[in-house]
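Structural overview
What follows is each chain in one-letter form.
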There are 2 protein chains.
Amino acid sequence: MSAASTQIDSPTAQIINGKAIADSIRKEIADEVKALQEKYGKVPGLAVVLVGTKGDSATYVRMKRKACADLGIQSFSTDLPGDVSEEDLLKVVADYNANEEVHGILVQLPLPKHIDEQRILDAISLEKDVDGFHPANIGALAMRGRTPLFTSCTPKGCLELLKRSGVAISGKRAVVLGRSNIVGMPVAHLLQACALPFIIISDATVTVVHSRTPDARAICAEADILVAAIGQAEMVRGDWIKPGAAVIDVGTNPIPDASKKSGYRLVGDVAFSEAKERAGFITPVPGGVGPMTITMLLSNTVDGARRTFEKAAAGQ
Amino acid sequence: MSAASTQIDSPTAQIINGKAIADSIRKEIADEVKALQEKYGKVPGLAVVLVGTKGDSATYVRMKRKACADLGIQSFSTDLPGDVSEEDLLKVVADYNANEEVHGILVQLPLPKHIDEQRILDAISLEKDVDGFHPANIGALAMRGRTPLFTSCTPKGCLELLKRSGVAISGKRAVVLGRSNIVGMPVAHLLQACALPFIIISDATVTVVHSRTPDARAICAEADILVAAIGQAEMVRGDWIKPGAAVIDVGTNPIPDASKKSGYRLVGDVAFSEAKERAGFITPVPGGVGPMTITMLLSNTVDGARRTFEKAAAGQ
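Now for a description of the structure that goes with this document. (Residues numbered from 1 in each chain as written. Chains lettered and ligands numbered in written order. Predicted model: local features only at pLDDT ≥ 70, side-chain atom pairs only at ≥ 80, totals over all residues. Heavy atoms only, no water.)

The operation relating chain B to chain A is a screw motion whose rotation component is 180°, with 0.0 Å of axial translation and a residual RMSD of 0.0 Å. Taken together, the rotation and translation describe the operation of a two-fold axis. (Least-squares fit on C-alpha atoms with pLDDT ≥ 70 in both.)

The geometry of an aromatic ring pair comes down to the distance between the two centres and the angle between the two planes. Residue and element names in this part refer to chain A. Counted under the stated rule, the structure contains four aromatic pairs over all chains. Judged by centre distance (5.4 Å) and plane angle (40°), the rings of Tyr-40 and Phe-309 are tilted. Residue Tyr-40 is located in helix α1 (residues 18–40), and its partner Phe-309 is located in helix α10 (residues 290–313); the two are separated by 269 residues in the primary sequence. Taking 6.4 Å as the distance between ring centres and 70° as the angle between the ring planes, the aromatic pair formed by Phe-76 and Tyr-96 counts as edge-to-face. Residue Phe-76 is located in strand β3 (residues 74–80), and its partner Tyr-96 is located in helix α3 (residues 86–98); the two are separated by 20 residues in the primary sequence. (Phe/Tyr/Trp six-rings, centres within 6.5 Å; stacked < 30°, edge-to-face > 60°. Helix = DSSP H or I, 4+ residues; strand = E, 2+ residues; numbered from the N terminus.)

Residue and element names in this part refer to chain A. Most of strand β5 (residues 173–177) sits out of view: five of its five residues are buried. Residues Arg-173, Val-175 and Leu-177 line one face of β5 and the alternating positions Ala-174 and Val-176 line the opposite face, and both faces are buried. Direction of pairing for β5 relative to strand β6 (residues 205–209): parallel, over a ladder of five bridges. Considered in β6, the bridge of Leu-177 is made with Val-209. Sheet topology places β5 next to strand β7 (residues 225–228); four bridges connect them, and they run parallel. Across the sheet, the residue bridging to Ala-174 is Ile-225, located in β7. (Buried < 20%, exposed > 50% of the residue type's maximum accessible area, 1.4 Å probe, protein only. Pairing = 2+ DSSP bridges.)

This paragraph deals with the sheet that holds strand β3 (residues 74–80) of chain B. All names here are of chain B. Spatial strand order, β3-β2-β4: three strands in an open sheet with parallel pairing. Every other strand in the sheet has two partners, leaving β3 and β4 (104–107) as the edge strands with one partner each. If you compare each strand with its neighbour and ignore which way they point, the axes differ by 15° on average. Examined bridge by bridge, strand β2 (residues 45–51) and β3 share seven bridges and lie parallel to one another. Bridge pairing in β3 places Ala-47 opposite Phe-76. In the packing of helix α3 (residues 86–98) onto the sheet, contacts are made with β2, β3 and β4, and the angle to β3 comes to roughly 165°. (Axes fitted to C-alpha atoms, helices over the stretch in contact; angles between N-to-C directions. Contact = heavy atoms within 4.5 Å.)

Residues and elements named next belong to chain A. Here helix α2 (residues 55–71) is 17 residues long and its end C-alpha atoms lie 25 Å apart, about the 24 Å a rise of 1.5 Å per residue gives. Those residues of α2 lying buried are Ser-57, Val-61, Lys-64, Arg-65, Ala-67, Cys-68 and Leu-71. All buried residues of α2 fall inside an arc of 160° around its axis, so they share one side. Exposed side of α2, more than 90 degrees from the buried face: Arg-62, Lys-66 and Ala-69 are the residues found there. On its buried face, α2 is in contact with α1, β2 (45–51), β3, β4 (104–107) and α10. Positive backbone phi, at 85°, marks Gly-72, one or two positions downstream of α2. (Expected span 1.5 Å × (residues − 1). Arc of directions from axis to C-beta.)

This is the structure in structure tokens:
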């Protein structure tokens, strides 16, 4: 991080503290878990399925299970060997679909190449799709007048960061850098959404910039809100940022750093020290979007549980 | 239509003749219907359900049935009274879902207010959703690496007009004016699509402009490709058009015209006489997008039939 700017007409950005916002939301979730337990005598349950032992995935899964425990959410775990068959994995999903104590099912991605990822994701019950990756949930997110049962965790976390930082969205120009299924595409829909009653009314004018866009810098420079999710270390430089813009940096890219024991450190898709001199709001990496993703997963699990408990209580 | 421009440096646009392009595609479809009949001994079938007798809907339905007959597609019709119950309408859909001679089901929209449109559309079998309005088909359209079984007819028609007019899409700036479920949103996904193997590789950089966009004119003026689908008569003026841009006008708005027997005439969302002086390509209204919509419906029906015949032949 560079020293604060000395130019009086260029104050540095307000840093959006994702850790603090996530902590505050987790307290709200813990309260709701208690309230559900008091009202219905049951707690929300999340099943996390891990295939293989690839380092990052195992770490993420451990963090998810710990977060559940911290909040009183029951955690179900299945760790499968990296050479598990597609049929055996489908069986695990089917069992969790049928398990009444499980309200959310998460199969950690990526899966080994011999497994058809689409087939696995489509097998997760719509009512337990806490990752929001089922096409019918994505379709409902894209369509006016529909509300998805679940919205993907990282995109939902980006919107929460904007909302809780007091960033106005309606009528603004937003640019999403990246068009992935898990961040770019759903975050574009959330920013444009006009009728997601329980989530947000956004109404931004959204442009999606991607690897085939010739003039990415010029388009980003028009954005009042810039969400960077393209997986390129520090691609977004200071002069890509419109003065005063809100910048949400979803990237986590390892770059060599001899001063670290690991030999690397994580940076975002945005050159933070340059961008914070121009932005009005900016998320750091780490400590920005990262802590929100798991928090939204917990929030989705509690939403799923509440719907199930309410339905059961209504005798449906 | 105004007189041709007299400025030598401002030639008028190439008019995209939707009628001629649609006729040529219909010939291809008729050939395919014959080929399917020869190979499998069966023809594609389309069921069209009309509720009530509202003028426009009845006209569209008549046109769809006639188009089927012209091409050798078997047409199934159900006309229901405007006060039909939701349950009775669902029963009609269920019967067509089960009917092996029907490969596409179209329930003409809008439906009367006492009927839950979402419930009806979701009841249509995914494999027969020739309108492409089912959330799972919309989700597959929005997601990279997925291919929807069907793509909505008007958006698909817009892309065909661009493709068959030789308009390059990859790397271009595209602006979609309007964010409806039936045109704006899906056409934005088609223009941005990077991996719809059997449809198109588009790769445009897309901005969706809507009723809450403060500076619609300025954003449209940056578009190499402009698709207007906002339902406002002649909202897009000449100075909204980037010189040389391709303009696809989806609007059909009635405006008073004393010289017509009906007392009105149809105009698009684009002020045609002004826009054609700046655009490189432009669709007229009528005779542009209109003839493509029914043609794409026929094309989707044949696609659905081919998939069914192939599956049956493979013993699936």
